[in-house]
Amino acid sequence: MFLQEMNRVHEMIHAPSFQSKYNAWWIAQEQNDISGENNTSDEDLNFGLLVIRICLISTQCLPHSKFPTEGIIKISRNHLEQWLYSMADDIDKSLQSKKPSLVTVQHRFYHVCYLKAYARIRECWSILSATVKDAHEVGLHLKDPGIRLSELEMEIRRRSFWTLYIWDRFMSAFFGHWPLIPEGYFDIEPPHDNIQALSLRPYVLTPFTDRVFLVKLARFLSAFMSPPSWQHDRVDSIVIADFTQRFQQVIIDQLPYAFWLDNPDTSWDSVDLSLAGKREMLHLSIWVTKASLYKAFADPCSSLQQQKGPTLKHGSDPLALAHRRTLMETTCKVISSIGNLYSLLGDEEAGSAEKLFLLPVCLVEALATLGVCLLSIRADERTLSLDGIQCATDTDLPQRYLAFSSGYGLLCRQSPRHAMARKGVNMLKGLHDTLHASFRATDILDTYVGETLETEFRKGYGAAACQMEHALESLHSYDGEGVQRGFPVPEWVPSFMASPGRSWLFHDDTAFADLMA
């Protein structure tokens, strides 16, 4: 039940097949104990290592209010985790020279998952590289691996390869690495998603359906972001319009009802208890990918670049300005989705390792994107006003700013517990302060929205409450002339504009890279 609800192992393992093999493996271990003989094969050791890696991922989800450990686990969770990790490490070292198998790929993959959640990225990348090498040696990249396999076995191989592909593209987008799996050097088909069907009508729905769409997202992202030589396409407003149209057709329009972005069918949530989390994570992945398409248009008139970064060629092209608007709308949905995921996890479950890396980093990226867009708009307005041109105020701006402020508040609430969130608060504080002062000074926020913001700020940010109170007091001291003096541009903006992915966050050791050891 724990694994089903927490859904930590569905990427690589077909649960019924794994359970059957686990039962047989455990019986064999008991027989060895009774006979006093050691008949453990290399494959048995590999499977045992797979079991330990799964247990390690499970410990990362604890403590959890729905799964209390008191009276079940006799030692502390941290001690249990360290003991399991040491045991897995010892077994893994003894198997380094052995021929790899599908089980080898599986247990290495779960090691990658474990390391990623704790932001041990260099080690994570190294293990992922070894996993891809093993997968290549096993022939997981081939449609015809040259051995006789059942359809179930072939589907598990497809799932395993494409899961590695997803993670390879995920790591490349986040950290700017070259992909480990080159396009065109594999011919295995995408997963057929034809086992463990939860429904057949009006559509096929399985526990793996969300992963099928993550494969599509990874392939789309690869086509858009891969070669640096294509970077000029990312600032071409017409090319981006074509990409986003295909994105709508290939990804969004193909979603089954249970994963619709608006008004999804939730009737199957009681059948697959992890479906709500899968849906929200898929939605987050969709919005993050879509936002990445438009990222170069956060500052379409280059008002913030001040000759420090690449100057975009489209100037005030109406399509480029429309892309900035869409980028803001999409980024607000990213922030909302992250908030929903935190709610699903529950703030009381501080042991959930995903909070240590993935969600805070996505939130920092989204806030930086939305904040740069808002700052760019204010800078454009200032430039026009200095030329005597009065432009109409975008009626959506107050709500966009409210989304930014709410997201920043969420980051502040997470900062006392998580280093990633704490780093993000420090990095974005100057941007937040500038925007707050600018919007207050120009009365762009009506009384209701202003009061709403004040309430959001004062809800309580744990250890960050005093800092936020001080920020409010200092921001209220700005007067209307503050806008005419221009806006301080964060020092990370040139790096932000130069990277279509999230790797800009990790280029500077003083930002996040020191947490990636």
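Just so you know, these numbers come straight off a predicted model, no measurement behind them.

Basis of the calculations
- Residues numbered from 1 in each chain as written.
- Predicted model: local features only at pLDDT ≥ 70, side-chain atom pairs only at ≥ 80, totals over all residues.
- Heavy atoms only, no water.
- Helix = DSSP H or I, 4+ residues; strand = E, 2+ residues; numbered from the N terminus.
- Buried < 20%, exposed > 50% of the residue type's maximum accessible area, 1.4 Å probe, protein only.
- Contact = heavy atoms within 4.5 Å.
- Areas by Shrake-Rupley, 256 points an atom, 1.4 Å probe, with all protein chains shown as cover.
- Axes fitted to C-alpha atoms, helices over the stretch in contact; angles between N-to-C directions.
- Parallel < 35°, antiparallel > 145°, perpendicular 65-115°, else oblique.
- Left-handed = near helix turned anticlockwise from the far one by under 90°.
- Salt bridge = Lys/Arg side-chain N within 4 Å of Asp/Glu carboxyl O.
- Phe/Tyr/Trp six-rings, centres within 6.5 Å; stacked < 30°, edge-to-face > 60°.
- Lys NZ or Arg CZ within 6 Å of the ring centre and 35° of its normal.
- Core = buried A, V, L, I, M, F, W, Y, C linked by side-chain atoms within 4.5 Å.
- Nonpolar A, V, L, I, M, F, W, Y, C, P; charged D, E, K, R; others polar.
- pLDDT = per-residue confidence, 0-100.

**Side note on the overall build of the protein chain**
Scanning the protein chain from N- to C-terminus turns up 17 helices and zero strands. Per-residue burial over the protein chain gives 53% buried out of 517 residues. Within the protein chain, counting contacts between residues at least 6 apart in sequence, those at least 24 apart form 76% of the total. Looking at the protein chain as shown, the accessible area adds up to about 23,500 Å², and 54% of this sits on carbon and sulfur atoms.

**So, the packing of helix α5 (residues 102–117) against helix α7 (residues 151–175)**
The relative placement of two packed helices comes down to the angle between their axes together with the axis-to-axis distance. It is the contact of α5 with α7, at a shortest axis distance of 11 Å, that shows an interaxial angle of 30°. In this view, α5 runs roughly parallel relative to α7, as classed from their interaxial angle. Taken as a pair, α5 and α7 cross one another with a handedness that is left-handed. Contacts from Leu-102, Val-105, Gln-106, Phe-109, Val-112, Cys-113 and Lys-116 in α5 reach Ile-156, Ser-160, Thr-163, Leu-164, Trp-167 and Phe-170 in α7.

**Topic: the pattern of salt bridges**
This model, assessed by the stated rule, comprises 21 salt bridges. In this structure, the salt-bridge partner of Arg-158 is Glu-155, at a minimum N-O distance of 2.9 Å. Placement of both Arg-158 and Glu-155 in helix α7 is noted, with a separation of three residues, approximately one turn of the helix. The same class applies to Arg-158 and to Glu-155, which are both buried. The salt bridge involving Glu-365 is made with Lys-295; its shortest N-O contact spans 3.7 Å. Here Glu-365 is found in helix α12 (residues 358–386), whereas its partner Lys-295 is found in the loop between α10 (275–294) and α11 (318–345), with 70 residues between them in sequence. For the pair Glu-365 and Lys-295, one class covers both residues: buried. Taken together, the shared-partner salt bridges connect Glu-151, Glu-155, Arg-158 and Arg-159 into one network.

**Re the side chain of Arg-158**
We classify Arg-158 as buried; its relative accessible area is 4%. Discounting chain neighbours no more than four positions away, the residues touching Arg-158 are Glu-151, Ile-188, Glu-189, Pro-190, Pro-191 and His-192.

**With respect to the packing of aromatic side chains**
Counting across every chain of the model gives 29 aromatic pairs. Aromatic pair Trp-162 and Phe-186: ring centres 5.4 Å apart, planes at 90°, arrangement edge-to-face. Here Trp-162 is found in helix α7, whereas its partner Phe-186 is found in the loop between α7 and α8 (209–225), with 24 residues between them in sequence. An identical accessibility class is assigned to Trp-162 and Phe-186; each is buried. Residues Tyr-401 and Phe-404 carry aromatic rings whose centres are separated by 6.5 Å and whose planes lie at 15° to one another, so their mutual orientation is stacked. Within this pair, Tyr-401 and its partner Phe-404 are both found in helix α13 (residues 397–414), separated by three residues, close to a single helical turn. You'll find Tyr-401 and Phe-404 in the same group, each marked buried. Cation over ring: Arg-159 sits above Phe-208, and NZ or CZ is 4.1 Å from the ring centre. Of note, Arg-246 hangs over the ring of Phe-243, and the distance from its end group to the ring centre comes to 4.7 Å.

**What about the nonpolar core?**
By size, the foremost hydrophobic cluster in this structure holds 130 residues, and its most contacted members are Tyr-110, Ile-286, Phe-357, Leu-374, Leu-428 and Trp-492. Element by element, the count of residues in this core is highest for α12, at 16 residues.

**Some points on the packing of helix α3 (residues 42–60) against α5**
In the contact formed by α3 and α5, the axes pass within 9 Å of each other and the chain directions differ by 25°. In terms of axis orientation, α3 runs roughly parallel to α5. Considering how the two elements wind past one another, α3 and α5 form a crossing that is left-handed. Of the residues in α5, those touching α3 at Glu-43, Asn-46, Phe-47, Leu-49, Leu-50, Arg-53, Ile-54, Leu-56, Ile-57 and Gln-60 are Val-103, Thr-104, Gln-106, His-107, Tyr-110, His-111, Cys-113, Tyr-114 and Ala-117. Of the residues contributing to the contact of α3 with α5, the split by class is eleven nonpolar, six polar and two charged.

**Some thoughts on the side chain of Glu-155**
You can call Glu-155 buried: its relative accessible area is 0%. With residues near it in sequence (within four places) discarded, Glu-155 still touches Pro-191, His-192, Asp-193, Asn-194 and Ile-195.

**Some thoughts on the confidence of the model for the protein chain**
Per-chain confidence: the protein chain averages 81 in pLDDT, with 77% of residues scoring 70 or above. Taken as a whole, residues 307–314 scores under 50 in pLDDT and shows 15 contacts with residues more than four places along the chain or in a different chain. Considering only residues more than four positions removed or in separate chains, one finds that residues 456–485, a stretch of pLDDT under 50, has 44 contacts.

**Focus on unusual backbone geometry**
Here the residue pair Arg-201 and Pro-202 is connected by a cis peptide bond, since its omega of 5° sits within 30 degrees of zero. Within the secondary structure, Pro-202 sits in the loop between α7 and α8. We note that Asn-263 has phi near 50°; this positive angle belongs to a residue other than glycine. As for its placement among the helices and strands, Asn-263 is situated in the loop between α9 (237–250) and α10. A relative accessible area of 71% means that Asn-263 is categorised as exposed.

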